[in-house]
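The primary structure of each chain is shown beneath.
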Amino acid sequence: MWSTVCGVIEDLFAGLRGCMEKSSQRMTGGTREAPVNISPAVAANAEGEEIEVLETTDVLPVAPEDVQWKTLFDKYDPDNSGFISTERFRDLLATHGSELDPHKLEVLLALADGNADGKICYQDFVNLMSNKRSNSFRRAILQGSRQLKGCSLRDEAGLGLSQRFVRHVAYETLPREVDRKWYFDSYTYCPPPWFILAITIAEVAAFMYYGIQLERMVLQVSSPSFLKSPLPYHPQLRAQAWRYLSYIFMHTGIEHLSLNMAMQLLVGVPLEMVHGALRIGLVYMCGVLAGSLAVSVTDMTAPVVGSSGGVYALVSAHLANVVMNWSGMKCQFKLFRMAMALVCMSVEFGRAVWLRFYPPAFPPCPNPSFVAHLGGVVVGLTLGVVVLQNYEQRLQEQSLFWIFFCVYTLFVLCAVFWNIFAYSLLDVRIPPAP
């Protein structure tokens, strides 16, 4: 990867380096001296504020490529101030990257001037030129055709249906214009949002199977055979560990399934298109597991069915991200859309509360618990927000992610010990197995 990036960048600036080498040889009598000292201004600035959108802002080790970047940087910093202006950087890109898509040039400028102060320090320059995002130079040369210099992504015209959908997703989920542009330019539908689609298809298929088997599509939970499936969580069968996850494939009825699937697809698919299956799958499954474990701790006699734990984790994380970045979010009718999401969540949660306290059809086993919803919300507002906060920064580089992940792991371990010892110590009267 490093050699590919450097090769592409070297091709773009080969002409400039050749001119500078000749000039340097004339000035030094044919001997080229590579600068080894960095000015105090550069060193001080290198320890300053990081460019938040780059994947790595660590000080890079000294390498031949660094010498090349220093030579190029000094060409545009004759006063050795440690900074070059964004206008000089624009001239550099425009002169030596004339084949690049102007859209890419604007993105690179925004990345380089991370502080928006009109100046670019040497270390920021090196980080940009050595960063993985520089792979876009090759893609820009091969695909560059749009004339978008200075325009926002929303003003881009002549897009096909799939491109308009990607642009819509970018404005739905990302608060910064530079990230929206970068996502729009690099997204390829490969891989597609397979995780949410696969989970949804499996849940619908399981519901249809049991609907035909039970001869009931509405309020399936009232069927005497509903909880006899190996999928739902039941406190009497809590030793069967797979039930803490598999309960998402069982729903109390078509009304329960419809609300969950609507929120899961409308929110989950765009989030997965931006953040990827790994991140969204992590948030979803953590919400699912937290939901069943929360029920086993707080509502110890109730079963659990439905995918609300995972759905609520995704929806609450997305809504919290929108609120935290309210001024940057440019999605249309965001206040109305947020209100509608809250209404759907409230209706579904209210229905679950009503069903829990409604007299069960087959006592003494109560109806399914609603606490799984709350477990999903807590996961979404903690772990989920951190996962969605920066779509590009790797999770292992986020200290807050590890804090919440450790807290979540501690909760899981405590809940496991609770399930092993608490039921017998508290002498809880568990309803018989179905």
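Residues numbered from 1 in each chain as written. Predicted model: local features only at pLDDT ≥ 70, side-chain atom pairs only at ≥ 80, totals over all residues. Heavy atoms only, no water.

Engineer: Residue-level account of the overall build of the protein chain, with values.
Structural biologist: Each helix and strand counted, the protein chain has 17 helices and 2 strands in total. A burial count over the protein chain gives 50% of its 434 residues as buried. In the protein chain, the proportion of contacts linking residues at least 24 apart, taken out of those at least 6 apart, comes to 76%. Carbon and sulfur atoms make up 63% of the accessible area of the protein chain, which amounts to about 20900 Å² in all. (Helix = DSSP H or I, 4+ residues; strand = E, 2+ residues; numbered from the N terminus. Buried < 20%, exposed > 50% of the residue type's maximum accessible area, 1.4 Å probe, protein only. Contact = heavy atoms within 4.5 Å. Areas by Shrake-Rupley, 256 points an atom, 1.4 Å probe, with all protein chains shown as cover.)

Engineer: Kindly report on the confidence of the model for the protein chain, identifying the contributing residues and their values.
Structural biologist: Across the protein chain, the average pLDDT comes to 77, with 71% of residues at 70 or higher. Put simply, helix α3 (residues 40–46) is where the protein chain has its lowest mean pLDDT, 34, and helix α12 (residues 243–246) is where it has its highest, 96. A low-confidence stretch, residues 1–10 stays under pLDDT 50, and its non-local contacts, those more than four residues away or across chains, total 19 contacts. (pLDDT = per-residue confidence, 0-100.)

Engineer: An account of the nonpolar core is requested, with residue identities and associated values reported.
Structural biologist: Of all hydrophobic cores here, the largest spans 64 residues; its most connected members are Tyr 183, Tyr 247, Met 273, Tyr 284, Val 315 and Val 379. Mapped onto this core, the elements with two or more residues apiece are α9 (161–173), α10 (177–186), α11 (194–214), α13 (254–298), α14 (308–324), α15 (334–357), α16 (371–389) and α17 (399–425). Excluding its chain neighbours within four sequence positions, the residues that come into contact with Met 273 are Phe 165, Val 166, Val 169, Tyr 183, Tyr 187, Tyr 189 and Pro 193. Counting 10 residues, the second largest nonpolar core, distinct from the first, contains Val 221, Leu 231, Met 250 and Val 305. (Core = buried A, V, L, I, M, F, W, Y, C linked by side-chain atoms within 4.5 Å.)

Engineer: How would you sum up α13? Please name residues and give values.
Structural biologist: With 45 residues, α13 should cover 66 Å at 1.5 Å per step; its first-to-last C-alpha distance of 27 Å lies more than 12% under that length. By the largest-angle criterion, Gly 276 marks the main kink of α13, which is about 120°. (Expected span 1.5 Å × (residues − 1). Bend = angle between axes of the 7 residues up to and from the residue.)

Engineer: Explain empty space enclosed by the protein to me, and be specific about the residues and the numbers.
Structural biologist: To find leftover empty space, one rolls a probe the size of a water molecule over the atoms. Under the defined criterion, the tally for this structure stands at 2 cavities of 30 Å³ or more. Here the largest cavity defines a volume of roughly 70 Å³. Taken together, Thr 252, His 256, Val 305, Ser 308, Glu 348, Arg 351, Ala 352, Leu 355, Pro 368, Ser 369 and His 373 make up the lining of the largest cavity. No other element matches the 4 residues that α15 contributes to the lining of the largest cavity. Per-class residue counts for the lining of the largest cavity are 4 nonpolar, 5 polar and 2 charged. (1 Å grid on protein atoms, 1.4 Å probe; cavity = no way out; pocket = protein on both sides within 12 Å on 5 of 7 lines; lining within 4 Å. Points joined across faces, edges and corners; volume = space filled by probe spheres on them. Nonpolar A, V, L, I, M, F, W, Y, C, P; charged D, E, K, R; others polar.)

Engineer: Tell me about α15, and please be specific about residues and values.
Structural biologist: Between the first and last C-alpha of α15 there are 35 Å, a value that for 24 residues agrees with the 34 Å anticipated at 1.5 Å per step. Taken as a whole, α15 has its buried residues at Lys 334, Met 338, Ala 341, Met 345, Glu 348, Arg 351, Ala 352, Leu 355 and Arg 356. In the core, the buried residues of α15 are packed alongside α13, α14 and α16.

Engineer: Which residues make up the environment of Cys 121, and what are the values?
Structural biologist: Within the secondary structure, Cys 121 sits in strand β2 (residues 119–121). Along the sequence, Cys 121 and Gly 82 sit 39 residues apart, while their C-alpha atoms lie 5.8 Å from each other.

Engineer: Provide a residue-level description of the packing of α16 against α17, including the pertinent values.
Structural biologist: The geometry of α16 relative to α17 is characterised by a closest axis approach of 9 Å and an angle of 145° between their N-to-C directions. By crossing handedness, the relation of α16 to α17 is classed as left-handed. Residues Val 379, Thr 382, Leu 383, Val 386 and Val 387 of α16 touch α17, and the partners they reach there are Leu 400, Phe 401, Phe 404, Phe 405 and Tyr 408. Grouping the constituent residues of the contact of α16 with α17 by class yields 9 nonpolar, 1 polar and no charged. (Axes fitted to C-alpha atoms, helices over the stretch in contact; angles between N-to-C directions. Left-handed = near helix turned anticlockwise from the far one by under 90°.)

Engineer: So, the pattern of salt bridges: which residues are in play, and what are the values?
Structural biologist: Should their charged atoms come close, side chains of opposite charge can pair. Tallied over the entire structure, the rule returns 5 salt bridges. Across the pair Arg 337 and Glu 172 runs a salt bridge, and its minimum N-O distance is 2.7 Å. Of the two residues, Arg 337 is situated in helix α15 and Glu 172 in helix α9; the sequence distance between them amounts to 165 residues. Under the relative-accessibility criterion, Arg 337 is labelled partly exposed at 38%. We note a salt bridge from Glu 255 to Arg 351, for which the minimum N-O separation is 3.0 Å. Here Glu 255 is found in helix α13, whereas its partner Arg 351 is found in helix α15, with 96 residues between them in sequence. (Salt bridge = Lys/Arg side-chain N within 4 Å of Asp/Glu carboxyl O.)

Engineer: Could you give me a rundown of a nonpolar patch on the surface, with the residues and numbers involved?
Structural biologist: Where nonpolar side chains cluster on the molecular surface, the patch consists of Leu 413, Val 416, Phe 417, Trp 418, Ile 420, Phe 421, Leu 425 and Leu 426 and spans about 820 Å² of accessible area. Examined against the element boundaries, Ile 420 turns out to sit in helix α17. (Patch = residues over 30% accessible without salt bridge, like charges linked within 9 Å, V, L, I, M, F, W, Y side chains within 5 Å.)

Engineer: Describe in detail the side chain of Ser 316, supporting the description with residues and values.
Structural biologist: If you trace the backbone, Ser 316 turns up in helix α14. The exposure class assigned to Ser 316 is buried, which follows from its relative accessible area of 6%. Reaching out from Ser 316, the side chain makes a polar contact with the backbone oxygen of Tyr 312 at a distance of 2.6 Å. When neighbours within four sequence positions are excluded, Ser 316 is seen to be in contact with Gly 376, Val 377, Gly 380 and Leu 381. (Polar contact = N/O pair within 3.5 Å; in protein donor to acceptor, adjacent residues only side chain to side chain.)

Engineer: Talk me through the packing of α13 against α17; I want residue IDs and the actual numbers.
Structural biologist: The interhelical angle for the contact between α13 and α17, taken along N-to-C directions, is 35°, at an axis separation of 10 Å. The interaxial crossing formed by α13 with α17 has left-handed handedness. Side by side, α13 and α17 meet where Leu 282, Met 285, Cys 286, Leu 289, Ala 290, Leu 293, Ala 294, Ser 296 and Val 297 of the first sit next to Phe 401, Tyr 408, Phe 411, Val 412, Ala 415, Trp 418, Asn 419 and Tyr 423 of the second. Residues of the contact of α13 with α17, tallied by class, amount to 15 nonpolar, 2 polar and no charged.

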